[in-house]
Amino acid sequence: MKHPSVPERALLVGLLHQHTTREELEDHLQELETLVRSAGAEVLAISWQQRPTPDVATFIGRGKVEELRALIEQKGITLVVFDEGLTPAQVRNLERAWNVKVLDRAGIILHIFAERARTQEAKVQVELAQLQYMLPRLSRLWTHLSKQVGGIGTRGPGETQLETDRRLIRRRIQHLQRKLEEIVAQRAQRRRRREELPRFALVGYTNAGKSTLMRALTAASVLVEDRLFATLDTTVRRFRLPGGQPALLSDTVGFLRKLPPQLIASFHSTLAEAIEADVLVHVVDVSHPSFRQHMQVVTETLRTLNIATKPTVLVFNKIDRLPADSPVLRELRSEYPEAVFISAERGINIRKLLATLQRVYEGQSEELAFVLPYTELRLLRHLRTSGQILQQEALPDGLLVRLRCPLAIGQRLRGQYASYVYPAGMLNA
Ligand SMILES: Nc1nc2c(ncn2[C@@H]2O[C@H](COP(=O)(O)OP(=O)(O)OP(=O)(O)O)[C@@H](O)[C@H]2O)c(=O)[nH]1
Ligand SMILES: [Mg+2]
């Protein structure tokens, strides 16, 4: 989808309901504004309403719908974006009332993802999520189907066309699902071929500085940008722990409040590196006023991915933006004594972070020793790719090999080479 030559003129709408404070709403709307701008639209007005619960038919109250109609006409608004999820019926009713396109937060996020997707995998995932999101919402006014016509969502076809479209979309969804399965299988194969190295995965809210940290730790040339969702794919790079042990670090798509569930579901393969990592590195932009909420969103997202209990190193980034004696930092230091405070950009405390990664990894790994008979030296290759070799010594009965490897791999090796395991008690003798 391309930006139209004339940018959309957007109105943003929020709801102050039972569970939000005024401050939270303002913060959410500000984030929505960044999102809508990132999608290529101009934000001409922001409006909100206080209501205990959303209206079933129109989300905001009828009076507010009327009031906004006047505003839409007066300002020439072409797109209204709600900060929360709308039901397909609410979208239809509002579009009918205003005769402009209506999107919710998820719709905008999907649009941005669609624009940023570069690799085949990301493209397939985004299109799948988009179609699944769109299917129940297909209306006369907008559909992402007619891609050749620009705009965020596009004026759609007539009612008869709608049925054809629904059928086409279902067929396309099936096709994409099959394609994604293939990609997932290929990825898994690639992972299997890779050496068994300790795996760390950067996770965090979008714009927290994950890619910057990736660069600082691995000298990788990954994209760093001051925008939401700069990264949509997963990059994996080698780096070394302070003890010399090589390890892998992955950088992936950032999280965001109310990330569409369709998107999380279809990005499962991109997130596989994080899902299968030994240790997560949760990067937090401590200079952002809402960083605590961001942390919560990340934890919730990790929970949906079933990895919230993985060993995690908490990293507070961008400390260069706060004064050294900042009460926020003092508070966090006592609240999270295990956390590491860094500036990925300025390279502050990177060594300390590496030492922490090593320590946490060691808690996740074990030391093993084998004595390989000299007739079985070909097994050495497998041991070498299973972990870090600590010692190799020729004994009368065979080659003593001491190594450190992840717990799961250790268990496998002990089973596989049971007869060569050197009893742990003998090691330090
Ligand atoms: N002042 C300061 N800025 C930083 C630091 N780390 C990252 N940034 C800036 O924060 C912005 C976002 O950085 P990225 O590394 O792209 O963030 P990300 O977490 O990868 O973001 P997404 O890929 O969008 O999820 C960039 O403008 C960086 O230059 C830091 O330690 N200090
Ligand atoms: Mg990034």
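Owing to the predicted nature of the structure, the values given are computational and were not obtained by experimental measurement.

Trainee: In this structure, what is going on with the pairing of strand E7 (residues 246–251)? I would like to understand it.
Mentor: For a regular strand, side chains alternate in direction, first toward one face of the sheet and then toward the other. The buried count for E7 comes to six of six residues, which makes it a mostly enclosed element. The two faces of E7 match: Pro246, Leu248 and Ser250 on one face and Ala247, Leu249 and Asp251 on the other face are all buried. Examined bridge by bridge, strand E5 (residues 199–204) and E7 share four bridges and lie parallel to one another. Looking across to E7, one finds that alanine 201 is bridged to serine 250. Strand direction decides the pairing type here: strand E6 (residues 235–240) and E7, joined by six bridges, are antiparallel. Residue pairing for E7: phenylalanine 239 is matched across the bridge by alanine 247.

Trainee: In this structure, what is going on with the site of ligand 1? I would like to understand it.
Mentor: Every one of the 23 residues lining ligand 1 counts as a neighbour, but Lys210, Thr212, Ala230, Asp320 and Glu345 are closest to it. Between ligand 1 and asparagine 317, the relevant distance is 3.1 Å, taken from an oxygen atom to a side-chain nitrogen or oxygen of the residue. Between ligand 1 and arginine 321, the relevant distance is 3.3 Å, taken from a nitrogen atom to a side-chain nitrogen or oxygen of the residue. Here ligand 1 has 660 Å² of accessible area as a free molecule, and 94% of this is covered by the chains. Of the residues belonging to the shell around ligand 1, the class tally is six nonpolar, nine polar and eight charged.

Trainee: Just to check I follow, could you spell out the domain arrangement of the protein for this structure?
Mentor: By a frequent convention, interface size equals the accessible area lost on bringing the separate parts together. On domain assignment, one finds that the protein holds domain 1 (9–118), domain 2 (195–362) and domain 3 (365–427). Placing the centre of domain 2 and that of domain 3 at their C-alpha centroids yields a distance of 33 Å. Each partner contributes to the interface: domain 2 provides eight residues, whereas domain 3 provides 10 residues. Both sides together, the interface formed by domain 2 and domain 3 hides about 780 Å², and carbon and sulfur atoms give 43% of it. Residue classes in the side of domain 2 that touches domain 3 are distributed as one nonpolar, three polar and four charged.

Definitions and limits used
Residues numbered from 1 in each chain as written. Chains lettered and ligands numbered in written order. Predicted model: local features only at pLDDT ≥ 70, side-chain atom pairs only at ≥ 80, totals over all residues. Heavy atoms only, no water. Buried < 20%, exposed > 50% of the residue type's maximum accessible area, 1.4 Å probe, protein only. Helix = DSSP H or I, 4+ residues; strand = E, 2+ residues; numbered from the N terminus. Pairing = 2+ DSSP bridges. Near = heavy atom within 4 Å. Polar contact = N/O pair within 3.5 Å; in protein donor to acceptor, adjacent residues only side chain to side chain. Areas by Shrake-Rupley, 256 points an atom, 1.4 Å probe, with all protein chains shown as cover. Nonpolar A, V, L, I, M, F, W, Y, C, P; charged D, E, K, R; others polar. Domains from an automatic or database assignment. Contact = heavy atoms within 4.5 Å. Buried area = accessible area lost by both parts, 1.4 Å probe.

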